[in-house]
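Topology and contacts: notes
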Amino acid sequence: MLTYDLVIVGGGPAGLAAAASAKRNGIDSIVILEREPELGGILNQCIHNGFGLHTFKEELTGPEYASRFIEQVKELGIEYRLHTMVVDIDASKKVTAMNREDGLFEIQAKAIILAMGCRERPRGALNIPGYRPAGIYSAGTAQRLVNIEGYMPGRKVVILGSGDIGLIMARRMTLEGAEVQVVAELMPYSGGLKRNIVQCLNDFDIPLKLSHTVVDIQGKERVEGITLAEVDNTGKPIPGTEEHYDCDTLLLSCGLIPENELSRGIGVDMEPVTNGPAVNESLETSVDGVFACGNVLHVHDLVDFVSEEATVAGKNAAKYIKNGGKHDEPSHPVIKMNPTGGVRYTVPKTINVDNMDDQITVRFRVGGVYKNCYVATYFDDELFSRRKRPVVAPGEMEEVKLTKEKLLAHPDLKQITIKIEEA
């Protein structure tokens, strides 16, 4: 059996940044396992710009951003295996994987970082009636077809769902000569970044219909048209609001789900809101020595934050390995995070002050659009900070930074509450 100090599952932006960080923190025996033929993950098909503004202070395309981290991994001499599928991980940190060269093989690791990313919510989860004609694609599949394979999925397009990939594909299909007739969104707000609504829809005069969904798909062999209807506040279509659109293609951009079959297999405690693992301040899961970062943990809006989070995971995995897999006994109570009042979840879920760095970034998303509000943080029942925001929305991730110094000044602190308050 092979042995490595650190096995990283996934060679996308999270896996690459975590590997580079662990290496810089003194761990030499590292392997990245990636199922695709290239490193870089989903970024390889994201040929639009807008990446790297935080990390590199310049605007890059997805492949350019990925290549910066791929170069770091190569310069640091980190081993990686492509075309390699991880099929199982057990609680003793034994990784079972397979590829063409080695067949089925096992690796015993001292620590593991889960960085498998996320996948699109499939059409089956949407319960749209009709046949199963050709011409229905997830937005990510269409993106791959256009940007990597060089195929056009269709000419007259309707997009259901206003997640970032759907918005970006509305622009991409238009630039390739297709007619994008409408983007429909079930919720009363868009699930994407504000800048993508402006740059991908408004700049191309593509209408966005909020509180609308597809209620019928016409066509047996190929999509011939769809029917949209307005929905009420419970998401049920309102009779009499139906509108017909002739189209040959329907793209689905209905959210992303962290890729967590392996995490569940190890027995990691999951967070029901994010569908990702519950982690502590070190981004360590409930299974000792197994860390998680990037979109497998919770779906990010910017890849820069994925890299930042993965750097923290790599550093903490290195620390864990150097400590011989032992944790210091905490001298303070473990602090529980309490998301409430519009805040859906927090990453991390618990904080052990003794193990944290000088500063920790708590990331979260809200459950609705709140205008002219405060992001309020309470230490137990005492108000700690209040930050005014003109608007917070589900499509954009929020954060609160906490310092070790401030937390140590409250030695008996048991709970930190983050909530949205009216201004």
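In this report, the structure presented in the accompanying data block is examined. Remember, predicted model here, so these are calculated numbers, not experimental data. (Residues numbered from 1 in each chain as written. Predicted model: local features only at pLDDT ≥ 70, side-chain atom pairs only at ≥ 80, totals over all residues. Heavy atoms only, no water.)

Description of the overall build of the protein
Where we set the bar: Strands are runs of DSSP state E lasting at least two residues, helices are runs of H or I lasting at least four, and both sets are numbered from the N terminus onward. In this description the radius of gyration comes from C-alpha coordinates, and the expected globular size is given by 2.2 Å times residues to the power 0.38. Note on exposure labels: buried denotes an accessible area under 20% of the residue type's maximum, exposed denotes more than 50%, and partly exposed covers the range between, all computed with a 1.4 Å probe on protein chains only. The criterion used for residue contact is that any of the two residues' heavy atoms lie within 4.5 Å. Here the positive residues are Lys and Arg and the negative ones are Asp and Glu; neither His nor the chain ends is included. The atoms used to mark charge sites are NZ of Lys, CZ of Arg, CG of Asp and CD of Glu.
Regarding its fold elements, the protein presents 8 helices and 28 strands. A globule of 423 residues ought to have a C-alpha radius of gyration of about 22 Å, and the protein, at 22 Å, matches this closely. Residue burial in the protein is summarised as follows: out of 423 residues, 52% are buried. Considering only intrachain contacts with a sequence separation of at least 6, the fraction spanning at least 24 residues in the protein is 62%. Across the protein, the mean location of the 46 positive side-chain charges is 1 Å away from that of the 59 negative side-chain charges.

So, unusual backbone geometry
P348 follows V347 through a cis peptide bond whose omega is 5 degrees. Tracing the sequence through the fold places P348 in the loop between β22 (335-339) and β23 (350-351). Of note, the phi angle at K93 is positive, near 65 degrees, even though the residue is not glycine. Tracing the sequence through the fold places K93 in the loop between β6 (85-89) and β7 (94-99). One non-glycine residue, N372, lies in the positive phi region at around 50 degrees. Take N372: it is sitting in strand β25 (residues 370-379).

Here's the deal with the sheet that holds strand β15 (residues 225-230)
Basically, it comes down to this: Any two strands with at least two DSSP-identified bridges between them are counted as paired. Note on method: axes are straight lines fitted to C-alpha atoms, helices fitted across the in-contact stretch only, with angles between N-to-C directions ranging 0 to 180 degrees.
In space, the 3 strands of this open sheet follow the order β14-β15-β16, with antiparallel pairing throughout. Looking at the sheet topology across the chains shown, the edges are occupied by β14 (212-218) and β16 (243-246). Neighbour-to-neighbour, the strand axes of the sheet open up by a mean angle of 30 degrees, direction not taken into account. Bridge count for β14 against β15 is 6 bridges, and the pairing is antiparallel. Residue pairing in the sheet places V214 in a bridge with L228 of β15.

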